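# Structural characterization, general
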Amino acid sequence: MSKEIIQLENVGFKVGNDEILTNINFSVKEGQIVTITGPSGGGKSTLLKLIGLLNSPTSGTIQYQGKNIFEYEPTEYRKEVSYFFQNAILFDDTVRDNLAFPAKIRGDEFDEGRAIEGLKIVQLPSTYLDKPIQDLSGGEKQRVALIRNLMYPPKVLLMDEVTSSLDKENRAIVVSYIRRLNKEKKTTVLWITHNQDEIDASSEIITINNGKLEETADGK
Ligand SMILES: Nc1ncnc2c1ncn2[C@@H]1O[C@H](COP(=O)(O)OP(=O)(O)OP(=O)(O)O)[C@@H](O)[C@H]1O
Ligand SMILES: [Mg+2]
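Summarised in this report is the structure supplied together with it.

### Side note on the overall build of the protein chain
Looking only at helices and strands, the protein chain features 7 helices and 10 strands. Seen through its C-alpha atoms, the protein chain measures out along the principal axes to roughly 50 × 40 × 35 Å. Looking at the protein chain residue by residue over its 220 residues, the buried ones come to 33%. For the protein chain, the proportion of contacts with a sequence separation of at least 24, taken over those separated by at least 6, is 71%.

Structure follows, in structure tokens:
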């Protein structure tokens, strides 16, 4: 049995008198791929943002590795539990500048070999390193953003519909990279998706409807 890495207890989120999330209880085990699904406006993104430390619950607790997430130093927490935005923004230089950024903020040397390996996994040639960002297609940008996020693989990856704007081919590339990371690095994945391939890749499915956890069905 693998151990629980994230635990939510009676988590609620209210804005004024609006109850956006009510009494959410669930836990995620290390190495799992968990899908959060449910109708639009149900509260999925709100929930993921709470886990990503981008917002605070108004009631209940969220624990990461047995400790309340607010007890961690935020930048340290975010290195381990990384929230990947739908439209990740690359800055306007080259692919290399973007991929070197995670090393730069850590005061490390840029590991070019690793960047090239990442590019290869998402099916971009190493010559792309010196390509200006503005010359990339939307799908290519999203793939570069993914590698940038994963230059230092987090322990937990939170993703909010990151593949929804991609075509089938780009989506498959991204999904296979995530699965590989999950397999090789035991990265725990919590993603919001409506895509069947991603749902099929999950070990658990959580449905959020009208701010409440509806059911927990076992995936594959
Ligand atoms: N800060 C806020 N203030 C007021 N209302 C909010 C706030 N954040 C979210 N909501 C409301 O909470 C509800 C849930 O929003 P959320 O973005 O979590 O839904 P979702 O399940 O991700 O939907 P979608 O599938 O469309 O992305 C919505 O009705 C939204 O308008
Ligand atoms: Mg959403």
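### Topic: the environment of valine 174
In this fold, valine 174 is placed in helix H6 (residues 168-185). C-alpha separation for the pair valine 174 and glycine 118, spaced 56 residues apart in sequence, amounts to 11 Å. Among residues more than four places away in sequence, those in contact with valine 174 are Arg143, Leu146, Thr163 and Leu166.

### A few points about H6
Since the α-helix advances by 3.6 residues per turn, residues separated by three or four positions end up pointing in the same direction. A rise of 1.5 Å per residue sets the reference length of H6, with its 18 residues, at 26 Å; its end C-alpha atoms lie 25 Å apart and thus fit the reference within 8%. Buried within H6 are the following residues: Arg171, Ile173, Val174, Val175 and Ile178. Along its buried surface, H6 packs onto helix H5 (138-149), strand S8 (188-192) and helix H7 (196-200). A positive backbone phi angle near 60 degrees is found at lysine 186, which sits one or two residues after H6.

### Thoughts on the nonpolar core
The biggest cluster of nonpolar side chains holds 49 residues, and the ones touching the most others in it are Ile36, Leu47, Ile147, Leu158 and Leu190. Per-element accounting of this core gives the leading share, 5 residues, to strand S1 (residues 4-15). Not counting residues within four places of it along the chain, the set of residues in contact with leucine 190 comprises Val28, Val34, Ile36, Leu48, Ile51, Val156 and Leu158.

### Brief notes about the sheet that holds strand S2 (residues 18-29)
An order of S2-S1-S4-S5 is seen for the 4 strands of this open sheet, with the pairing classed as antiparallel. At either end of the open sheet lies a strand with only one pairing partner, and these are S2 and strand S5 (67-68). Note: S1 against strand S4 (residues 59-64), 5 bridges, orientation antiparallel. Looking across to S4, one finds that leucine 8 is bridged to isoleucine 62.

### Here we look at the site of ligand 1
Residues in contact with ligand 1, as listed here, are Val15, Asp18, Ile20, Ser40, Gly41, Gly42, Gly43, Lys44, Ser45 and Thr46. Breaking the shell around ligand 1 down by element, the ones donating at least two residues are S2 and helix H1 (44-51). Counting residues per element, the shell around ligand 1 draws most heavily on H1, which supplies 3 residues. Residues of the shell around ligand 1, tallied by class, amount to 2 nonpolar, 6 polar and 2 charged.

### A word on the packing of helix H3 (residues 95-106) against H5
One can describe the packing of H3 onto H5 by two numbers: an axis separation of 8 Å at closest approach and a directional angle of 25 degrees. Here H5 runs roughly parallel to H3, going by the angle between their axes. The element H3 and its partner H5 pack so that their crossing is right-handed. Between H3, through Val95, Asn98, Leu99, Phe101 and Pro102, and H5, the contact on the second element is made entirely by Val144, Ile147 and Arg148.

### Quick look at H5
Helix length check: H5, at 12 residues, gives a terminal C-alpha distance of 17 Å against a target of 16 Å (1.5 Å per residue), a fit within 8%. For H5, the full list of buried residues reads Gln142, Arg143, Val144, Ala145, Leu146 and Ile147. Those residues of H5 hidden inside the fold are in contact with H3, helix H4 (112-121) and H6.

Scoring rules and cut-offs
Each residue is numbered by its place in its chain's sequence as written, counting from 1. As a convention, the first chain written is A and the first ligand written is 1, with the rest following in written order. Two thresholds apply to this predicted model, a pLDDT of at least 70 for residue-level local features and 80 or more for giving and counting side-chain atom pairs, whereas whole-chain, interface and lining totals are computed over all residues. Each helix is a run of H or I in the DSSP string that is no shorter than four residues. Each strand is a run of E no shorter than two, and both are numbered from the N terminus. Counting other C-beta atoms within 10 Å of a residue's C-beta gives its exposure: the residue is buried at 20 or more, exposed at 12 or fewer, and partly exposed in between, where C-beta atoms are placed from the backbone. By the convention adopted here, residues are in contact when the distance between their C-beta atoms, placed from the backbone, does not exceed 7 Å. By this rule the span expected of a helix is its residue count minus one, scaled by 1.5 Å. We define the nonpolar core as any set of buried residues of the types Ala, Val, Leu, Ile, Met, Phe, Trp, Tyr and Cys, connected via C-beta atoms lying within 7 Å of each other. Strands are labelled as partners when DSSP assigns at least two bridges between them. For each residue, a C-beta atom is placed from the backbone, and the residue counts as near a molecule or strand when that atom lies within 6 Å of it. Just so you know the grouping, Ala, Val, Leu, Ile, Met, Phe, Trp, Tyr, Cys and Pro go in nonpolar, Asp, Glu, Lys and Arg go in charged, and all remaining residues, Gly too, go in polar. Only the stretch in contact is used when a helix axis is fitted, and all axes are lines through C-alpha atoms; the angle between N-to-C directions ranges over 0 to 180 degrees. An angle below 35 degrees is treated as roughly parallel, one above 145 as roughly antiparallel, one from 65 to 115 as roughly perpendicular, and anything else as oblique. Throughout, a crossing is termed right-handed when the near helix is turned clockwise from the far one, and left-handed when it is turned anticlockwise from it by less than a right angle.

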